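Structural overview for review
Each chain, written out:
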Amino acid sequence: MSVARCPGSCGELIQGWILGSEKLISCPIDWYSTVEVRDGAPLPNERPLTRAMVEALLIHFGYSRAISATLRIEVHSTLPIAKGMASSTADIAATAVAAAHHLGHSLDETALAALCVALEPTDSTLFRQLTLFDHHHAGTQIACAPAPHFDLLVLESPVILRTADYHRLPREAALKAHSGALQQAWDKVQNACIQQDASLLGEAATLSAIASQALLPKPGFDALMALAESCDLYGVNVAHSGSVVGLMLDRRYHDVEYLKWALSQTKLTAHWPKQHLLRAVPGGVQLST
């Protein structure tokens, strides 16, 4: 048996038209999908993409796909599905690493990314560093310096939006219209990591969140922005192809209980009834020992 886990994401720090095409940087959080791969009969209720990943992995390493029928995949995850929290990427990336280890192999991040994007548009949570990533083709993988420390008050909406549906929307013209702001955001992300400046990272995320309103507007966005400013938070980040929003802060310095109270007072909890205080963490798939 082999076990691996991959973090989910609070949407993206930035996503848009950068360096000639749509790219993103995910925002990994301390909420994980853990996958066990062992010898045994497949479970009847397994997640289809995890099975597809095992079959792709077998081909990658030159095995017969028939071996798939002898492997059991068990996913342990409470990540909300179809809300922009990278639950699917976490499932398939952890599955790939666990299955490879079970078969006596390892996967570097480049090979893992290629396997994942072959199945679906993929979040950059599979990279340990914050990484500018071409989530459709994996052609761009530009790692940043280690990210500064920050927390997020993750605002969960009941609204469900499948990533595949978002990617079927005509987006190129709107993305290109905001390419200047996204280039500025990308520059800020790099400098924020070099300088270990969470405020600068929040500025980058906020620029991208504002641009995202033209494509997938979040309800109550202006009120959220006003609240973030009044509480002197680092910034606001969003799921560009989902419904989740993150208020970027540091629980050591910001009054999280007041922030929750203010969300209620401004009626924003009507849109975001669930809140989760989580740490931003390094990405990457971790094998359990």
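Bear in mind the structure is a predicted one, so any value in this text is a computation, not a measurement.

1. Things to note about the overall build of the chain
Looking only at helices and strands, the chain features 9 helices and 10 strands. On C-alpha atoms alone, the chain measures out to a radius of gyration of 19 Å, which is about the 19 Å that the 2.2 N^0.38 rule sets for 289 residues. For the C-alpha atoms alone, the extent of the chain along its principal axes is close to 60 × 40 × 35 Å. Residues classed as buried in the chain amount to 53% of the 289 residues present. Excluding contacts between residues fewer than 6 apart, the proportion of contacts in the chain whose partners are at least 24 apart in sequence is 74%. Of the roughly 12100 Å² that the chain leaves accessible, carbon and sulfur atoms contribute 54%. In the chain, 21 side chains carry a positive charge and 27 a negative one; their mean positions are 5 Å apart.

2. A word on the pattern of salt bridges
Summed over the entire model, instances satisfying the criterion amount to 13 salt bridges. Of the charged contacts, one joins Asp91 and Arg47 as a salt bridge, the two residues approaching to 2.6 Å between their closest N and O atoms. Of the two residues, Asp91 sits in helix α2 (residues 87-102) while Arg47 sits in the loop between β2 (21-39) and α1 (48-60), which places them 44 residues apart along the sequence. For Asp91, a relative accessible area of 5% translates into the label buried. Here Glu156 ties to Lys83 by a salt bridge, and the two come within 2.7 Å at their closest N and O atoms. You can see Glu156 sitting in strand β6 (residues 151-156) and its partner Lys83 sitting in the loop between β3 (71-77) and α2, a full 73 residues away along the chain. Overall, the relative accessible area of 6% leaves Glu156 in the buried class. What you see here is one network of salt bridges that share partners, running through Glu36, Arg38 and Glu74.

3. A look at helix α8 (residues 221-230)
Those residues of α8 lying buried are Phe221, Leu224, Leu227 and Ala228. Viewed along the axis of α8, the buried residues span an arc of 120°, placing them on a single side of the element. The exposed residues of α8 that point more than 90 degrees off its buried face are Asp222, Glu229 and Ser230. Against β6, α7 (198-212), β7 (235-238), β8 (245-249) and α9 (256-265) lie the buried residues of α8. Asp232 sits one or two positions beyond α8 and adopts a positive phi of about 55°.

4. Section: the pairing of strand β1 (residues 2-18)
The buried fraction of β1 amounts to 16 of the 17 residues, a majority that puts the element mostly inside the structure. Alignment of β1 against β2, held across 13 bridges, turns out to be antiparallel. Within β2, the residue paired with Pro7 across the bridge is Tyr32. Where β1 lies against strand β10 (residues 286-287), 2 bridges are found, and the strand directions are antiparallel. Pairing of Ala4 across the sheet is with Leu287, part of β10.

5. Describing empty space enclosed by the protein
Summed over the entire model, instances satisfying the criterion amount to 1 cavity of 30 Å³ or more. What the largest cavity holds in volume is close to 70 Å³. Lining the largest cavity, in full, are Gln15, Gly16, Glu22, Tyr166, Ala174, Leu175, His178, Leu182, Ala211, Ser212, Leu215 and His240. Here the residues of the lining of the largest cavity sort into 6 nonpolar, 5 polar and 1 charged.

6. Comments concerning α1
Across its 13 residues, α1 extends 18 Å between first and last C-alpha, which sits within 8% of the 18 Å expected from 1.5 Å per residue. Among the residues making up α1, those that are buried are Thr50, Arg51, Met53, Val54, Leu57 and Leu58. An end-on view of α1 places all buried positions within 155° of arc, on one side of the element. Residues of α1 that are exposed and angled more than 90 degrees away from the buried face: Pro48 and Ile59. Once α1 finishes, Gly62 follows within two positions and takes phi at roughly 85°, a positive value.

Criteria and thresholds
Residues numbered from 1 in each chain as written. Predicted model: local features only at pLDDT ≥ 70, side-chain atom pairs only at ≥ 80, totals over all residues. Heavy atoms only, no water. Helix = DSSP H or I, 4+ residues; strand = E, 2+ residues; numbered from the N terminus. Rg over C-alpha atoms; globule rule 2.2 N^0.38 Å. Buried < 20%, exposed > 50% of the residue type's maximum accessible area, 1.4 Å probe, protein only. Contact = heavy atoms within 4.5 Å. Areas by Shrake-Rupley, 256 points an atom, 1.4 Å probe, with all protein chains shown as cover. Lys, Arg positive; Asp, Glu negative; His and termini not counted. Charge placed at Lys NZ, Arg CZ, Asp CG, Glu CD. Salt bridge = Lys/Arg side-chain N within 4 Å of Asp/Glu carboxyl O. Arc of directions from axis to C-beta. Pairing = 2+ DSSP bridges. 1 Å grid on protein atoms, 1.4 Å probe; cavity = no way out; pocket = protein on both sides within 12 Å on 5 of 7 lines; lining within 4 Å. Points joined across faces, edges and corners; volume = space filled by probe spheres on them. Nonpolar A, V, L, I, M, F, W, Y, C, P; charged D, E, K, R; others polar. Expected span 1.5 Å × (residues − 1).

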